[in-house]
Amino acid sequence: MKASLDELSRPSRHFRTVRFDFVSFFFTGLTGLATFLILAILAVILANILFNGLPGLSWRFVSTIPKKDFFDPATTGVLPMIIGTTFRVLVMTLFVIPVGVTTAVYLTEYAPASALVTRIIRAAVNNLAGVPSIVFGLFGLGFFINFLGRNLDALLHNPGPVWGQPALIWASLTLAVMTLPVVIVATEESLKAIPPGLREASLALGATKLETILKIVLPQALPGILTGGILAVSRAAGEVAPILFTGVAYYMASLPHRLNDQFMDLGYHVFVLSTQSPDIEKTRSILFATVVVLLLLTFTLNFVAVLIRSRVRKKLRSLA
Amino acid sequence: MAQIVLPKVTIPASSSVTSTAPGNELIGIHNLSLFYGNARALKDISLSIRERLVTAFIGPSGCGKSTLLRCLNRMNDLIDGVRIEGGVHIGGHNINDPDVDVIELRKRVGMVFQKSNPFPKSIYDNVAYGLRLQGMKARSDLDAAVEVSLSAAALWDEVKDRLHGSALGLSGGQQQRLCIARAIAVKPEIILMDEPASALDPIATSRIEDLILELKKNFTIVIVTHNMQQAARVSDHTAFFYMGELVEFGATSKIFTSPGQKRTEDYVTGRFG
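Here the structure is a predicted model, which is why all the values come from computation and not from measurement.

Caption draft 1: Focus on the overall build of chain B. The number of helices and strands found in chain B is ten helices and ten strands. Over its C-alpha trace chain B gives a radius of gyration of 18 Å, about what one expects of a compact globule, namely 19 Å for 273 residues. Dimensions of chain B, computed from C-alpha atoms along their principal axes, come out at roughly 55 × 45 × 40 Å. Within chain B, the proportion of its 273 residues that are buried is 55%. A sequence separation of at least 24 residues applies to 68% of the contacts in chain B between residues at least 6 apart.

Caption draft 2: Seen up close, the sheet that holds strand E5 (residues 93–94) of chain B. Residue and element names in this part refer to chain B. With respect to topology, four strands assemble into an open sheet ordered E2-E1-E4-E5, the strand pairing being antiparallel. Each edge of the open sheet is held by one strand with a lone partner, namely strand E2 (39–50) and E5. Of the pairings in the sheet, the one linking strand E1 (residues 25–36) to E2 comprises eight bridges and is antiparallel in character. By the bridge assignment for E2, Ile27 is matched with Ile49.

Caption draft 3: Structural detail: the nonpolar core. Core analysis: the biggest nonpolar cluster contains 101 residues, and Ile27, Ile29, Leu47, Phe57, Leu68 and Val222 of chain B have the highest contact counts within it. Counting residues per element, this core draws most heavily on helix H12 (residues 280–319) of chain A, which supplies ten residues. What Val222 of chain B contacts, discounting residues up to four positions off in sequence, is Ile27, Ile49, Thr55, Phe57, Leu69, Leu72, Ile190, Ile191, Leu192 and Met193 of chain B. By size, the runner-up hydrophobic cluster in this structure holds 46 residues, among which are Val146, Leu155, Trp156 and Ala183 of chain B.

Caption draft 4: Molecular detail of the sheet that holds strand E6 (residues 109–112) of chain B. Residues and elements named next belong to chain B. Reading across from one edge, E6-E7-E8-E3-E9-E10 is the order of the six strands in this open sheet, with mixed pairing throughout. Two strands bound the open sheet, and with one partner strand each, they are E6 and strand E10 (245–251). Strand-to-strand twist in this sheet, taken as the mean axis angle between neighbours without regard to direction, amounts to 15 degrees.

What counts as what
- The numbers attached to residues start from 1 for each chain and follow its sequence in the written order.
- Whichever chain is written first is A, and whichever ligand is written first is 1; the rest continue in order.
- The predicted nature of this model means local features are confined to residues of pLDDT at least 70 and side-chain atom pairs, given and counted, to a pLDDT of 80 or more, with totals for whole chains, interfaces and linings taken over all residues.
- Where side-chain values are given, they derive from all heavy atoms of the structure, hydrogens and water being excluded.
- Helix and strand labels come from DSSP, where a helix needs a run of H or I of at least four residues and a strand needs a run of E of at least two; each type is numbered from the N terminus.
- As defined in this context, the radius of gyration uses C-alpha atoms, and a globule is described by 2.2 Å times the residue total to the power 0.38.
- A 1.4 Å probe rolled over the protein chains alone gives each residue an accessible area, and that area as a share of the maximum for its type sets the label: buried under 20%, exposed over 50%, partly exposed in between.
- Two residues form a contact once any of their heavy atoms are found within 4.5 Å.
- Two strands pair if DSSP finds at least two bridges between them.
- Throughout this description, the term nonpolar core refers to a set of buried Ala, Val, Leu, Ile, Met, Phe, Trp, Tyr and Cys residues connected via side-chain atoms within 4.5 Å.
- Each axis is a line fitted through C-alpha atoms, taken for helices only over the stretch in contact, and angles between the N-to-C directions span 0 to 180 degrees.

Taken by themselves, the reported measurements are silent on function.
Structure below.
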């Protein structure tokens, strides 16, 4: 033992190498390059949009309800699209959060973990996340409008289609179905992260399972639930395909003010401006300005959600 | 579901009127076996736990002592695939009967866990949690109950100035005493303690032990412990388990000084385990 210790401390030992480690250098460079590439692409996209879009942006542009011919940069505006996109996202949130959270609570707290049914439900949720968004659009048309809406009309003896037509509510519900997996998975993760000891402590004090979930589990899971909400909002705000058949309008003279009104939408309006314009050069500025507005709106919705989450976190931490 | 069918046992927490001498049987475990799937974790256990005494369960890891403890307030219900044979009678009533309200049972049989698990709430809200569940709303009632419970858990003087501060700001030993206060706030008759001091330093441990000796004046205590000295110090009766079987049960002094079984002697003298 003593001899080996002496050996180790012998001054002749040195750990320096003169060999250049080419493999390490190569892979470090490669990972750095890949990261840089992503950042560069993002920067180019943003710079392009801002460079082309900012000149067309003005208070008049975001606060004007355009006339039927909305291709004239001098008179057009995007107020109805801002309202429409905001509302379809908010209404979606009202549906997707309660349904998603309830499902996640069932899966983590109630469903027997290893049962076949539970595994099937989990697989279904994961598969739902992989379905192309246009398929959700067709589902919304078939289920919400043709089935739910029309039957509702028949039930209420409406003379014409009131619910059995594309509408804000159906577009929002379609988006809610699409973003359901995001909320379910985020909520499940945060429920699983709660120490089982807290549940046991509550039950051992004579709390029912429901009381334990409502008073101990869900308050702790709130930040995770909000994360799910943020992800859902981000995904839904820019989606066009699911609302294509379920509620978006090419043009409306007035703002939507009922749940069964159709609505105009920023994402869809970008598509319209870029494909239906009689003079693509002339409308380029408002096309890009609309994209800037869409990005700003998405960021704003996200920002508000993040703000709410950080307040909840702060409140939990002050108690915890 | 049938409401509370457990008969009221005459174990008033602090009244001296109807209190009987310590030592009457309060929990009777009769031929209890417990299976996880096909594996038998507890084998045909019978023992009698007497009121307002401290009964210690000792034995090597995996011997079933914690599992047995959790049979006494049916916490094993939470685990999938657990099957129980035989009976646990509390106050003469089998708590495994289908008409027993397990919520009511757990109010009468409190539990303190190995790892202190205060809720991420204020100290006050932790103690008040069980009381609020039972519908206590009036501020004055809650205030009084919180003070009594914290005092009984020897924690009041340390926390009275920060009742509305976070429970997670307390030290490990204080957290465990808070969990004891939380358990006794709902006025159980029995307190189950699952290695309550195993994560604490010697000073905090000795405070918990002092507390147990104080609490047994009013409560029946069953404690699982790995610490032989602890069992010797705090308990009146000791049950030694090995491989899911009850090897020996008797007065603590007898188990530790003249055990009847070779295996018990080997364990308590530190030859195995």
